[in-house]
Amino acid sequence: RMAMQPGDRGPAAGERVLAWDLPTRLFHWTLVVLIATAWASFEFSEQIGDPVLRIHRWNGIAILVLVVWRVSWGVFGSRTARFSEFVRGPRAALGYLAGLVRGSSRRYLGHNPAGAYMVLALLAIVGTEASLGLFTVEHNDLTAGPLYRLLSEDTVKQVSRVHRMMFDTVLLPFVVVHVAVNILYGVLKRDPLIPAMITGRKPAADYVDATREGRGAQSLLRAAFLLAVSAALVLGTIKGLGGRLP
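Predicted, not measured: the structure shown is a model, and the values here were computed from it.

What counts, and at which threshold
Residues numbered from 1 in each chain as written. Predicted model: local features only at pLDDT ≥ 70, side-chain atom pairs only at ≥ 80, totals over all residues. Heavy atoms only, no water. Helix = DSSP H or I, 4+ residues; strand = E, 2+ residues; numbered from the N terminus. Buried < 20%, exposed > 50% of the residue type's maximum accessible area, 1.4 Å probe, protein only. Areas by Shrake-Rupley, 256 points an atom, 1.4 Å probe, with all protein chains shown as cover. Lys, Arg positive; Asp, Glu negative; His and termini not counted. Charge placed at Lys NZ, Arg CZ, Asp CG, Glu CD. Contact = heavy atoms within 4.5 Å. Expected span 1.5 Å × (residues − 1). Polar contact = N/O pair within 3.5 Å; in protein donor to acceptor, adjacent residues only side chain to side chain. Salt bridge = Lys/Arg side-chain N within 4 Å of Asp/Glu carboxyl O. Patch = residues over 30% accessible without salt bridge, like charges linked within 9 Å, V, L, I, M, F, W, Y side chains within 5 Å. Axes fitted to C-alpha atoms, helices over the stretch in contact; angles between N-to-C directions. Left-handed = near helix turned anticlockwise from the far one by under 90°. Nonpolar A, V, L, I, M, F, W, Y, C, P; charged D, E, K, R; others polar. Parallel < 35°, antiparallel > 145°, perpendicular 65-115°, else oblique.

K.L.:
Describe in detail the overall build of the protein, supporting the description with residues and values.
P.N.:
Looking only at helices and strands, the protein features eight helices and two strands. Secondary structure elements of the protein, listed N to C terminal, follow the sequence β-α-α-α-α-α-α-α-β-α. Its C-alpha atoms give the protein principal-axis dimensions of roughly 70 × 40 × 35 Å. Here the protein, with 246 residues, has 39% of them falling under the buried criterion. Carbon and sulfur atoms form 65% of the exposed surface of the protein, whose accessible area is close to 13700 Å². The distance from the centre of the 27 positive side-chain charges to the centre of the 17 negative ones in the protein is 9 Å.

K.L.:
So what's going on with the side chain of histidine 178? Which residues, and what values?
P.N.:
Mapped onto the fold, histidine 178 is located in helix 6 (residues 153-189). Classification of histidine 178 as buried rests on a relative accessible area of 18%. Each residue touching histidine 178, except ones within four places of it in the same chain, is listed here: His28 and Met118.

K.L.:
Would you mind going over helix 1 (residues 22-43) in detail, with residue names and values included?
P.N.:
The α-helix winds at 3.6 residues per turn, so residues separated by three or four positions along the chain end up facing the same way. The end-to-end C-alpha separation of helix 1 is 32 Å, in line with the 32 Å expected for 22 residues at 1.5 Å each. Three or more residues of helix 1 are buried, namely Pro23, Thr24, Arg25, Phe27, Leu31, Leu34, Ile35, Ala38 and Ser41. The backbone nitrogen of threonine 24 lies 2.7 Å from a side-chain oxygen of the residue at the head of helix 1, namely aspartate 21.

K.L.:
Please set out the pattern of salt bridges residue by residue, giving values where relevant.
P.N.:
In total, this model carries five salt bridges according to the counting rule given. Arginine 79 serves as the salt-bridge partner of glutamate 85, at 3.2 Å between the closest nitrogen and oxygen. A relative accessible area of 29% means that glutamate 85 is categorised as partly exposed. On the basis of relative accessible area, arginine 79 is assigned to the partly exposed category, the value being 22%. In this structure, arginine 164 engages glutamate 138 in a salt bridge whose closest nitrogen and oxygen atoms are separated by 3.3 Å. In this pair, arginine 164 sits in helix 6 while glutamate 138 sits in the loop between helix 5 (113-133) and helix 6, placing the two residues 26 residues apart along the sequence.

K.L.:
Now, about a nonpolar patch on the surface: what can you tell me, with residues and values included?
P.N.:
Among the surface-exposed residues, Trp29, Val32, Val179, Ile183, Leu184, Val187, Leu188, Ile194 and Ile198 lie close enough to one another that they form a single nonpolar patch of about 820 Å² accessible area. Looking at the nonpolar patch, the elements with two or more residues in it are helix 1, helix 6 and helix 7 (193-199). Sort the elements by how many residues they give to the nonpolar patch and helix 6 lands first, with five residues. On the secondary structure map, leucine 188 appears in helix 6. Take leucine 188: its relative accessible area is 61%, and that puts it in the exposed class.

K.L.:
Kindly report on the environment of leucine 134, identifying the contributing residues and their values.
P.N.:
If you trace the backbone, leucine 134 turns up in the loop between helix 5 and helix 6. Put simply, leucine 134 and leucine 245 are 111 residues apart on the chain and 9.9 Å apart in space, counted from C-alpha to C-alpha. Filtering out sequence-adjacent residues up to four positions away, leucine 134 remains in contact with Ile61, Leu64, Gly145, Pro146, Leu147, Tyr148 and Ile238.

K.L.:
Would you mind going over the packing of helix 1 against helix 6 in detail, with residue names and values included?
P.N.:
For any two helices packed against each other, the geometry comes down to the angle between their axes and how far apart the axes lie. Running from N to C, helix 1 and helix 6 cross one another at 140°; their axes reach a closest spacing of 13 Å. Here helix 1 and helix 6 pass one another in a crossing that is left-handed. Where helix 1 approaches helix 6, its residues His28, Ile35, Ala38, Trp39 and Phe42 are matched on the opposing element by Arg164, Phe167 and His178. Its residues placed into classes, the contact of helix 1 with helix 6 shows five nonpolar, two polar and one charged.

K.L.:
Can you explain the packing of helix 5 against helix 6? Please cite residues and give values.
P.N.:
At a minimum axis distance of 10 Å, the contact between helix 5 and helix 6 shows a crossing angle of 155°. It follows that helix 5 is roughly antiparallel to helix 6 by the angle criterion. Every pair of crossing elements has a handedness; the one defined by helix 5 and helix 6 is left-handed. Contact residues: Met118, Ala121, Leu122, Ile125, Val126, Thr128, Glu129, Leu132 and Gly133 in helix 5; Val159, Val162, His163, Met166, Phe167, Val170, Leu171, Phe174, Val177, His178 and Val181 in helix 6.

Below you can see the structure in the form of structure tokens.
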């Protein structure tokens, strides 16, 4: 926490402080678009003239790249994006939820201790779903993930079933819950989570994890470099394992 120093003045009325850097916000909304595209490119593949799901398969690879990037940004990114800054033990998350029920929970500029687990769960679910797609064969038997040859035929069938089931019964419901929780949290705590993920800023307040960390070209260059590394890692792994890109 950034403690007030002698002579420091409290936040001025109407003052807004940086909560989320531009790379984190771009990741968030790009992932939203890619998840929606993953659904649409599968459900309407015939209508858009893509029966072999080429768009869908590239979309899955793009999601994998994003997930790898977010993990790396959680280590090397800005303060509110680093896992070390917002991921705490279960006791901290339960304590925060208990305080939320009592109306005595503290305010966080970035992710609160309970929200941190939702972020980790989302990354795990999306990453798992996209990874399973690398090993699937679709119902038309014309479309397969680049690494399906690494598994036996029976295993590929099982993975394909899980891949389709997981999107409908795990990923989409989780996304709905995620959005609903953020809206409810914003109403109850008057914390503009969703607007802040667009503008990057929140009203100045006494946040537990307040920071004076700045932003600038250096952060964007670091994010771009990590994105390039993430893409090379995902594509290189696929090619290294003998997979063929869509």
